[in-house]
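The primary structure of each chain is shown beneath.
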Amino acid sequence: MFFLLCSGALLAENVAGLKWTPPAGWKSSGATSMRAATYPVAPAPGDSSGGECAVYFFGVGQGGSVQANLDRWQGQFKDPGGKLATSKVAKVTIHGLPVTTIDVSGQYSGMAGPQATTPALVPGYRLLGAIIEGPSGNVFIKFAGPSKTVAANQGRFQQLLDSFEKGAK
C-alpha cells in the first residue's frame, strides 16, 4: 500500500517528457484523466476562498495551440465595464524549454461548468498561466484564485515554472 501511495505522488510530478518539483507547501491532490497534478492553495488573509494550480497534459498534439489557450484564458476575464480584461503575455525560456506566460485579473467566468449557459462572473480573481512546449507536447499550467491569494503565491508559481525540465520518461 505504501508503495502505491508513493508511486502516485511521483507520477504527479512528471508528464510528457518533463519533470518538476512543486514549491514548499504545495501538495498535489492527485492526478486525473486531464490533470497531471492539482495543487490546492490556501486563501491569503482577506480572501474567503483559496486558489488552485493545475498542471494539464492532454496528449501529443492535443489541447490546442499556445495562442488559442492564451485567448481562452484571457476570455474568462472581464474588466469592471464588462469588456475583455487586459492581460500581460511574455515568452521566456526555462531550462531550454519555450514557455509562454499570461497574467490576467478581473471578473472571472472560468469557474462555470460545461453545462452552464451563462457563466457567473466572480469579481477579484487573477490567473497566472503558462504553456510549456515540451518534447512530447504542450503542458498547460493554470493557477487561478482570488487576487490576494494568487499574489501571495506568485513566487511559488514561479518556483514551479522554474523547476520544469526535460527528463521524465
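Everything quoted here is computed from the prediction, not taken from an experiment.

1. A closer look at the packing of aromatic side chains
So, step 1. Within the structure shown, the criterion is met by eight aromatic pairs.
So, step 2. Judged by centre distance (4.9 Å) and plane angle (15 degrees), the ring pair of Trp20 and Phe164 falls under stacked. Pair noted here: Trp20 is in the loop between strand S2 (18-19) and strand S3 (35-41) and Phe164 is in the loop between helix H4 (154-163) and strand S10 (165-166), with a separation of 144 residues, a long-range link.
So, step 3. Its relative accessible area of 1% is what places Phe164 among the buried residues.

2. As for the pattern of salt bridges
So, step 1. Overall, the coordinates contain three salt bridges when judged by the stated rule.
So, step 2. Lys19 serves as the salt-bridge partner of Glu165, at 4.0 Å between the closest nitrogen and oxygen. With a gap of 146 residues between them, Glu165 in strand S10 and Lys19 in strand S2 connect regions that are remote in the sequence.
So, step 3. The partly exposed category is assigned to Glu165, whose relative accessible area is 31%.
So, step 4. On the basis of relative accessible area, Lys19 is assigned to the partly exposed category, the value being 37%.

3. Considering H4
So, step 1. Every buried residue of H4 is accounted for by Phe157, Leu160, Leu161 and Ser163. Projected down its long axis, H4 carries its buried residues within an arc of 165 degrees, all on one side.

4. So, the environment of Gly46
So, step 1. Mapped onto the elements, Gly46 comes out in the loop between S3 and strand S4 (51-56).
So, step 2. Of the residues examined, Gly46 reaches a relative accessible area of 67% and is grouped as exposed.
So, step 3. Each C-alpha atom, one on Gly46 and one on Pro146, is 9.6 Å from the other, the two residues being 100 residues apart in sequence.

5. Description of the environment of Leu84
So, step 1. Among the structural elements, Leu84 can be located in the loop between strand S5 (77-78) and strand S6 (87-94).
So, step 2. A sequence separation of 10 residues divides Leu84 from Gln74, and the C-alpha atoms of the two residues are 7.4 Å apart.
So, step 3. Apart from the residues within four sequence positions on either side, Leu84 is in contact with Gln74, Gly75, Phe77, Lys78 and Asp79.

6. Remarks on the sheet that holds S10
So, step 1. If you walk across this open sheet you meet the three strands as S1-S2-S10, and the pairing is antiparallel. The open sheet has two edge strands, strand S1 (14-15) and S10, and neither has a second partner.
So, step 2. One ladder, built from two bridges, connects S2 with S10; its direction is antiparallel. Bridging from a neighbouring strand, Leu18 pairs with Lys166 of S10.

7. What to know about helix H2 (residues 66-75)
So, step 1. When we look at burial in H2, the residues that qualify are Val66, Asn69, Leu70, Trp73 and Gln74. Along the axis of H2, the buried residues cluster in a sector spanning 130 degrees; they form a single face.

Here is what the cut-offs are and how they apply
- Residues numbered from 1 in each chain as written.
- Predicted model: local features only at pLDDT ≥ 70, side-chain atom pairs only at ≥ 80, totals over all residues.
- Heavy atoms only, no water.
- Phe/Tyr/Trp six-rings, centres within 6.5 Å; stacked < 30°, edge-to-face > 60°.
- Helix = DSSP H or I, 4+ residues; strand = E, 2+ residues; numbered from the N terminus.
- Buried < 20%, exposed > 50% of the residue type's maximum accessible area, 1.4 Å probe, protein only.
- Salt bridge = Lys/Arg side-chain N within 4 Å of Asp/Glu carboxyl O.
- Arc of directions from axis to C-beta.
- Contact = heavy atoms within 4.5 Å.
- Pairing = 2+ DSSP bridges.

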